Amino acid sequence: MPVATLSIHRGGLGDAPRRDEFEIAFEAGESVLDGLRRLRIARDPTLAFRYACLNANACKECMMLLDGKVIYACTARLEPREMRLDPLPNKTLLRDLATIIAPPDERLDRP
Amino acid sequence: MLRRMIVTRTPADVRHLEADVLIIGAGGAGMYAAIEAARRGAQCVLLVDRSLIGRGGATVMAQMTVAAAVGSGDHWQHHLADTLAAGRGLSDPKLAALLCEVGAECILEMDAWKVGWARSGNGFAAVQAPGHDRARCVYVDFLSTGPAVSRTLRAQVQRVGPAIRRIGEVAVTDLIVQDGTVTGAAALHVATGEALTIGAGATIVATGGLTRLYARNSASLNMSGDGYALALRAGAVLQDMEFVQFFPIGHLAPRLIGMDPIMWDPFRYKLGGRLLNGAMEDFLDRWGGDAENGTYSTTRDLATYAITKEAEAGRGSPSGGAWLSFTHVPEAELRGAFGPVIDRLAANGIDLTRDAIEVSPIAHYHMGGVRVDTSMRTNRPGLLAAGEAVGGANGANRLSGNAITEALAYGRIAGAEAARIAASGETPAFSPAAASDATGRLRASSRVVNTAEMIARLQRLMSTEVGPFRTASGLARAGLALEAMRAEVGDAPPGVSGVPHDLARLDWFDLRQMILVAGTVVQAATARTESRGAHQREDFPGTEEAWRLNQLVELRGETSSLSRLPVAA
């Protein structure tokens, strides 16, 4: 099986940024979201990222940066190389890869 | 007594919200309920969802069709007859009639709200799904029904204005009960990790079903059965928990991303297609299905049975399912029916003129749920349910196309009744003291355990032992394993409160509900010593007239207890 190395931004707002690297074997065609979900089960349940639907590209929650470009984790495919994952840069960070993306009037604290 | 939305701090320093009507879940049922409650005069409707508003749950995932008697010559009573026949003798006819009658009105209102139902001539385009006596299923092209329904309802909710307050990322963990009446809820605010309480004159559970209990499922992350657990712990009654619908032709291989795994159903509606075994032979008629001859006529329970049995007999496709082939359909016809979807398939390396794909049964819907009356009220004052969370209308097997119809119809009915209850002032004011157990749990700390791995383990267990085919020994193994997991999960969530987007902690609150609900499925499936619709016992293969009964579940202390009742007339 091919192996992807996921280099993932960790930490919350105001934390000193750090990165964790995970090697993950995958089947051809699997998505970055497949990989992240498997990492939570097998390696680190505290890893934070957003998703609601399962690879259907219906909820549009799993936006993040792959090598600096905005992607949906559910449609970007795992590749046998280092893949750098970061939170959306123009949204307030929650933790790791999760940012505040709810419309302002649908938040508990409305700005 | 209409309440104003106020935000206060209780003595325990937990943030508190007040509403006339609290709606838990912002899928089709929850959003329709919010619109209707506001239309009936509720001035403060609070619509919460554990995900983002209108993006989670099953509605947005529904790429298929919606059944409603809106065609010329059709009548909701014809739809009702098909719904009752599909329910294999266990449907509540009054609830089923509401689904068909009010559902048709909602489909027309959705049209006025410009959802974009596909047209044909002067009317709606409609397809005939298995189990229907005519073409009755409307849709939005191409594979856009669910997203269009979600988007349309969300726009209407926004149009209502300040009477509906929408808040995402609120995972309700307990309902609050005072002297037998539900007065609101306690919740985890996922974004901040903080505890939250909500007081409400009426509360509607619109959280969908329980498909997340299974490893392979067609809904989203949200469908953990949490609404069933909330209702059960609050003293409400559940029914028909043993009836989990497996959708027979869920996508299996090759890996397909960015698409709903149940997307092959509309292909079958429009183009027929052929289900073939590993040797590329027709096989449905071997297991009691029709020889389809290129049409789509086999009901869900029969197709699930046939695919599973053919694979068990060693004649499955390479990944353990069946082949679905459209290679006999000309490319122009494929493109005419599904346009841009053909390109999305090409991006996944699938060329339907050349390649068959592999399919197998996938957890899709739950017929059982919260027991309600024809106003969607539970036996607990102050508590209502709507949508898939409701049990009864679909009996032992749901008719194709009825899920969105049910969501809209029951949402509308529940919203109206909740507005009436809130205005009546019959619900006592929320008491923080009544919520202390729930808020204590939300603020508790414990050692870190791998709750994500435990959920994956529970999903494997349910798929293996409590799938479409059950035996006494498998169900007993599942019951014991669930007991062990209950002990492993413990009484407090891992980590500390106040951590933003803490999925490990959210998983713990989900597990607490999933283990309880999975236990009720096992309990009801064990007791039903017959096979009927979606509940197939390999050790009791026949359907018994004496079992034309609904099984009810209640919680006594920490233990769920089962009783039986003749099906409502």
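The paragraphs below set out a description of the structure included in this document. Just so it is clear, the model here is predicted, and its values are computed rather than measured.

Criteria and cut-off values
Residues numbered from 1 in each chain as written. Chains lettered and ligands numbered in written order. Predicted model: local features only at pLDDT ≥ 70, side-chain atom pairs only at ≥ 80, totals over all residues. Heavy atoms only, no water. Buried < 20%, exposed > 50% of the residue type's maximum accessible area, 1.4 Å probe, protein only. Helix = DSSP H or I, 4+ residues; strand = E, 2+ residues; numbered from the N terminus. Pairing = 2+ DSSP bridges. Contact = heavy atoms within 4.5 Å. Buried area = accessible area lost by both parts, 1.4 Å probe. Polar contact = N/O pair within 3.5 Å; in protein donor to acceptor, adjacent residues only side chain to side chain. Nonpolar A, V, L, I, M, F, W, Y, C, P; charged D, E, K, R; others polar. 1 Å grid on protein atoms, 1.4 Å probe; cavity = no way out; pocket = protein on both sides within 12 Å on 5 of 7 lines; lining within 4 Å. Points joined across faces, edges and corners; volume = space filled by probe spheres on them. Expected span 1.5 Å × (residues − 1). Bend = angle between axes of the 7 residues up to and from the residue. Axes fitted to C-alpha atoms, helices over the stretch in contact; angles between N-to-C directions. Phe/Tyr/Trp six-rings, centres within 6.5 Å; stacked < 30°, edge-to-face > 60°. Lys NZ or Arg CZ within 6 Å of the ring centre and 35° of its normal. Parallel < 35°, antiparallel > 145°, perpendicular 65-115°, else oblique.

1. Side note on the pairing of strand β1 (residues 3-10) of chain A
Residues and elements named next belong to chain A.
- Most of β1 sits inside the fold, with seven of its eight residues counted as buried.
- Strand direction decides the pairing type here: β1 and strand β5 (residues 82-86), joined by four bridges, are parallel. Bridging across to β5, T5 finds its partner in E82.

2. Here we look at the interface of chain A and chain B
- Contacts between chain A and chain B engage 38 residues on the former and 43 residues on the latter.
- Summed over both sides, the interface of chain A with chain B buries roughly 3300 Å², with 54% coming from carbon and sulfur.
- Per-residue buried area on chain A facing chain B is highest for I41(A), E106(A) and L108(A); these three make up 22% of the total on that side.
- At the boundary of chain A and chain B, one finds 21 residue pairs in polar contact (both at pLDDT 80 or more).
- Examining the composition of the side of chain A that touches chain B, we find that three residues originate from one element, helix α1 (residues 32-42) of chain A, more than from any other.
- Of the residues belonging to the side of chain A that touches chain B, the class tally is 20 nonpolar, five polar and 13 charged.

3. Considering the layout of surface pockets
- There is about 530 Å³ of room inside the second largest pocket.
- Around the second largest pocket sit 26 residues that line it, and N57(A), A58(A), C59(A), K60(A) and P147(B) are the ones nearest its centre.
- Those elements that provide at least two residues to the lining of the second largest pocket are α4 (145-160) and α8 (331-347) of chain B.
- A per-element tally of the lining of the second largest pocket places α4(B) first, with five residues.
- Across the lining of the second largest pocket, the residue classes tally to twelve nonpolar, eight polar and six charged.

4. Concerning the environment of A29(B)
Residue and element names in this part refer to chain B.
- Positionally, A29 belongs in helix α1 (residues 28-39).
- The exposure class of A29 is buried, given its relative accessible area of 7%.
- Along the chain, A29 and A236 lie 207 residues apart, while their C-alpha atoms are 19 Å from each other.
- With residues up to four places along the chain from it excluded, the contact list for A29 reads A206, A386, G387, A407 and G411.

5. Overview of unusual backbone geometry
Residue and element names in this part refer to chain B.
- Cis geometry marks the peptide bond from A253 to P254; its omega dihedral reads -5°.
- Look at H501: it is not a glycine, yet its phi comes out positive at around 45°.
- Along the polypeptide, H501 turns up in the loop between α12 (472-489) and α13 (503-527).

6. As for α8(B)
Residues and elements named next belong to chain B.
- Taking 1.5 Å of rise per residue, the 17 residues of α8 would be expected to cover 24 Å, yet its terminal C-alpha atoms sit only 17 Å apart, more than 12% below that figure.
- Approximately 110° is the largest bend angle found in α8, and it occurs at F338, with the proline P340 only one to four residues beyond.
- Along α8, the residues that are buried comprise L334, A337, F338, G339, V341, I342 and L345.
- Taken together, the buried residues of α8 touch α6 (264-271).
- Two residues or fewer past α8, G349 is found with a positive phi of approximately 80°.

7. Comments concerning the sheet that holds β1(A)
Residue and element names in this part refer to chain A.
- If you trace the five strands from one edge of the open sheet to the other, you get β2-β1-β5-β3-β4, paired in mixed fashion. One side of each edge strand has no neighbouring strand; the edge strands of this open sheet are β2 (18-25) and β4 (69-72). Going from strand to strand, the sheet's axes swing by 35° on average, the running direction of each strand aside.
- Of the strand pairs in this sheet, β1 and β2 are connected by eight bridges, and their pairing is antiparallel. Bridge pairing in β2 places T5 opposite E23.
- Against the sheet, α1 makes contact with β1, β2, β3 (63-66) and β5, and its axis sits at roughly 100° relative to β2, the strand it touches most.

8. With respect to empty space enclosed by the protein
All names here are of chain B.
- Applying the stated criterion to the full structure yields five cavities of 30 Å³ or more.
- Roughly 640 Å³ of internal volume is contained in the largest cavity.
- Surrounding the largest cavity, 50 residues form its lining, G57, A58, T59, M223 and E388 being those nearest its centre.
- It is helix α9 (residues 402-424) that provides the largest number of residues to the lining of the largest cavity, a total of five residues.
- Per-class residue counts for the lining of the largest cavity are 24 nonpolar, 18 polar and eight charged.

9. Things to note about the pairing of strand β13 (residues 244-253) of chain B
Residue and element names in this part refer to chain B.
- Most of β13 is tucked away, with nine of its ten residues classed as buried.
- One ladder, built from seven bridges, connects β13 with strand β16 (residues 357-366); its direction is antiparallel. Each bridged residue has a counterpart across the sheet, and for A253 the counterpart in β16 is E358.

10. A look at the packing of aromatic side chains
- What the rule picks out here adds up to ten aromatic pairs over all chains.
- A ring pair is formed by F49(A) and Y51(A), whose centres lie 5.5 Å apart and whose planes are at 20°; its orientation type is stacked. Accessibility assignment for this pair places F49(A) and Y51(A) in one class, buried.
- For the ring pair W264(B) and F326(B), a centre distance of 6.2 Å and an interplane angle of 25° mean the geometry is stacked. Of the two residues, W264(B) is situated in helix α6 and F326(B) in the loop between β15 (322-325) and α8; the sequence distance between them amounts to 62 residues. Take W264(B) and F326(B): they sit in the same class, and that class is buried.
- A network of ring pairs unites the aromatic residues W264(B), F267(B), F326(B) and F338(B) as a single cluster.
- Geometry around Y72(A) places K60(A) over its ring, the cationic atom sitting 5.1 Å from the centre.

11. Let's talk about the packing of helix α10 (residues 436-443) of chain B against α13(B)
Residue and element names in this part refer to chain B.
- Interaxial distance between α10 and α13 falls to 11 Å at its minimum, and their mutual angle equals 140°. When the axes of α10 and α13 are compared, the pair comes out oblique. Contacts between α10 and α13 involve R441, L442 and R443 from the former and R505, W508, F509 and R512 from the latter.

In short, shape yes, function no, at least from these values alone.
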